[in-house]
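These are the residues of each chain, in order.
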Amino acid sequence: MRLSRVRAALRMLALTVPPIRRLLADRERLLAENRLLRDAGATPSSAPDSHVGRLCGVVDPTHYLDADWLALHHDLERYSIDKHCFQGSSGEIYRKGWEWTHCLFGLRRLGMLQPGHRALGVGAGRECVIFYLASCIASVTATDLYGEAAWSADRGREADPALVEESKRQCPPELDLSRIVFENQDGTALDYPPDSFDFAWSLSSIEHFGGHAAARKAVGEMARVVRPGGIVAIATEMLLLEEYSHPEYFTPSEIVSELVTPFANLALVDPIDFHTLPYEYLVDSITVPSGADRRRRHVVLNDGRFQWTSIMLFVRVLT
Ligand SMILES: C[S@@+](CC[C@H](N)C(=O)[O-])C[C@H]1O[C@@H](n2cnc3c(N)ncnc32)[C@H](O)[C@@H]1O
């Protein structure tokens, strides 16, 4: 009784501080938004308490309502130097944090996170997925054009060897880094024999390999080096509107015609869910580059001409 009165008094006191008041209001609004989404049954569920239906699809904010998915998201944050991509107390949703988490969630659901498994990351940079995987499988080969000027000095410096080293230092101390090798490899011409890996992943990278044909080649390469029965997990950037065309990003129909149907030895693990983004995310897009630091709904990007977001595909290599 006394404790609840103290709590109520503290809350009243906190409410007099404008930034805290804003934070609480924001949180309340997000929780209400989440409740609305849940009540609307925005995503078909595969289990009674799951908010993750199909694995293949566009960024889905309802995944953050799923207890297992969210637990993985928070666990993964321990392996990342990019803390801003993870959900904090005001409920931010960041496209990159979704990609990394959903990739691991899908691989886990598909039975790929086994102690004896070998994984290949393509255009992997210094992303937290590399390090997280090393905590649960036998070996991780992370490949990229490490040291390449454009990706080491500019943008997010994803291929900067100095940031790879910093990422290693930030990992939980018990992580066995000897399970990871970093190699310089062009994703369109991988230097590994067939069946070298149990699964491969590549997140928002193949579209930067030199256009649609190069991206397609990279998918073919991953399919070649993964054993039959294994999985290739790919996130790429998708234009929201079919009427545009872009040298790197794919329209919804190109996702299928360029990255799925050309490969007779690959099969999607489930149909692609293209319509997961609620109204708020569509209208509240991030204008790049000026709005890049906005955090609340960092999901749809907009450069004044194109609007795009991430899509994630999981395909099985057929025998
Ligand atoms: C947008 S970053 C994504 C990095 C990482 N996957 C992540 O999610 O943080 C794209 C990455 O693709 C890499 N890249 C570009 N061209 C490549 C190629 N031909 N082969 C392999 N990696 C390439 C870049 O160096 C960069 O690290």
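Draft legend 1. Seen up close, helix H4 (residues 95-109). In this model, H4 (15 residues) spans 20 Å end to end at C-alpha, consistent with the 21 Å of a helix rising 1.5 Å per residue. The buried fraction of H4 amounts to 13 of the 15 residues, a majority that puts the element mostly inside the structure. Backbone geometry just after H4 places Gly111 at a positive phi near 75°.

Draft legend 2. Representation of the site of the ligand within the structure. As a matter of local geometry, the ligand sits amid 18 residues, with Gly123, Gly125, Trp151, Glu158 and Ala159 nearest to it. For the shell around the ligand, the residue count by class is six nonpolar, seven polar and five charged.

Draft legend 3. How the structure looks around the packing of helix H3 (residues 67-77) against H4. Two elements in contact, H3 and H4, have axes whose closest approach is 9 Å; the angle formed by their N-to-C orientations is 115°. Classified by the angle their axes make, H3 and H4 are roughly perpendicular. Taken as a pair, H3 and H4 cross one another with a handedness that is right-handed. For the pair H3 and H4, the contacting residues are Trp69, Leu72, His73 and Leu76 in the first and Gly97, Trp100, Thr101, Leu104 and Phe105 in the second. Grouping the amino acids of the contact of H3 with H4 by side-chain chemistry returns six nonpolar, three polar and no charged.

The rules behind the values
- Residues numbered from 1 in each chain as written.
- Predicted model: local features only at pLDDT ≥ 70, side-chain atom pairs only at ≥ 80, totals over all residues.
- Helix = DSSP H or I, 4+ residues; strand = E, 2+ residues; numbered from the N terminus.
- Expected span 1.5 Å × (residues − 1).
- Buried ≥ 20, exposed ≤ 12 C-beta atoms within 10 Å, placed from the backbone.
- Near = placed C-beta within 6 Å.
- Nonpolar A, V, L, I, M, F, W, Y, C, P; charged D, E, K, R; others polar.
- Axes fitted to C-alpha atoms, helices over the stretch in contact; angles between N-to-C directions.
- Parallel < 35°, antiparallel > 145°, perpendicular 65-115°, else oblique.
- Left-handed = near helix turned anticlockwise from the far one by under 90°.
- Contact = placed C-beta atoms within 7 Å.

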